[in-house]
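Report on the structure
Okay, here's what each chain looks like letter by letter:
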Amino acid sequence: MATKRKGCSHIEAVGTVTQPAARVCEECVMIGSRWVHLRTCQTCGGTRCCDSSPNQHASKHARGSGHPVIASAEQGERWLYCYPDDSFGEY
Ligand SMILES: [Zn+2]
Ligand SMILES: [Zn+2]
Ligand SMILES: [Zn+2]
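Now for a quick tour of the structure. (Residues numbered from 1 in each chain as written. Chains lettered and ligands numbered in written order. Predicted model: local features only at pLDDT ≥ 70, side-chain atom pairs only at ≥ 80, totals over all residues. Heavy atoms only, no water.)

Side note on the coordination of the zinc ion (ligand 2)
Note on the zinc ion (ligand 2): its protein donors are Cys25 (SG), Cys28 (SG), Cys49 (SG) and His57 (ND1). The metal-donor distances range over 2.0 to 2.3 Å. Taken together, the four donor atoms surrounding the zinc ion (ligand 2) define angles of 105 to 118 degrees at the centre, an arrangement classified as tetrahedral. Here the donor residues of the zinc ion (ligand 2) are spaced in sequence according to C-x2-C-x20-C-x7-H. Here the residue cysteine 28 occupies a position in helix α2 (residues 26-31), and histidine 57 occupies one in helix α3 (residues 57-65), the gap between them amounting to 29 residues. Residue class for cysteine 28 comes out buried when judged on its relative accessible area of 0%. (Donors = N, O, S within 2.8 Å, 3.2 Å for Na, K, Ca; no water. Tetrahedral: all angles 85-135°; square planar, octahedral: opposite > 155°, others 65-115°. Helix = DSSP H or I, 4+ residues; strand = E, 2+ residues; numbered from the N terminus. Buried < 20%, exposed > 50% of the residue type's maximum accessible area, 1.4 Å probe, protein only.)

Remarks on the side chain of histidine 67
As for its position among the elements, histidine 67 is in the loop between α3 and β3 (69-72). Among the residues examined, histidine 67 registers a relative accessible area of 19% and is labelled buried. Reaching out from histidine 67, the side chain makes a polar contact with the side chain of histidine 61 at a distance of 3.1 Å. For histidine 67, the contacting residues outside a window of four places in its chain are Cys41, Thr43, Cys44, His61 and Ala62. (Polar contact = N/O pair within 3.5 Å; in protein donor to acceptor, adjacent residues only side chain to side chain. Contact = heavy atoms within 4.5 Å.)

Thoughts on the coordination of the zinc ion (ligand 1)
Note on metal sites: the ideal angle is 109.5 degrees for four tetrahedral donors, and 90 or 180 degrees for six octahedral donors. Within the first shell, the zinc ion (ligand 1) binds the protein through Cys8 (SG), His10 (ND1), Cys82 (SG) and Asp85 (OD), at distances of 1.9 to 2.3 Å. Within one chain, the residues donating to the zinc ion (ligand 1) are spaced in sequence as C-x1-H-x71-C-x2-D. Taken as a pair, cysteine 8 in the segment before α1 (9-12) and cysteine 82 in strand β4 (residues 79-82) lie far apart in primary sequence, 74 residues in all. Classification of cysteine 82 as buried rests on a relative accessible area of 0%.

Overview of the pattern of salt bridges
Inspection of the entire model under this criterion finds two salt bridges. Its salt-bridge partner being glutamate 26, residue arginine 48 comes within 3.0 Å of it at the nearest N-O pair. One end of the pair, arginine 48, is in strand β2 (residues 47-49); the other, glutamate 26, is in helix α2, and 22 residues separate them in sequence. For arginine 48, a relative accessible area of 8% gives the class buried. Of the charged contacts in the structure, one is a salt bridge between glutamate 27 and arginine 48, with a shortest N-O distance of 2.7 Å. Of this pair, glutamate 27 sits in helix α2 while arginine 48 sits in strand β2, and the two are 21 residues apart along the sequence. Given a relative accessible area of 26%, glutamate 27 falls into the partly exposed group. Several salt bridges converge on common partners, so that one network encompasses Glu26, Glu27 and Arg48. (Salt bridge = Lys/Arg side-chain N within 4 Å of Asp/Glu carboxyl O.)

Below you can see the structure in the form of structure tokens.
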């Protein structure tokens, strides 16, 4: 997180931030794995695990699906991140 650029067209396009339906990584649950932090995809609303987690499901989902923006699903954190632009935004 050394280069903290603010905003991009993807983040600007997020109107209402989608919150997690459940505070679990839906893919880790299926394979019985663990996670560190959770991120919610702003395109499909799926919640998956962060890059500090062994499976990095949020990044894999973003690359595989082309869904660019996630929001932190951690309580008290209010930020968005865009993968293709490596860009952060707060809300
Ligand atoms: Zn972007
Ligand atoms: Zn996961
Ligand atoms: Zn998605």
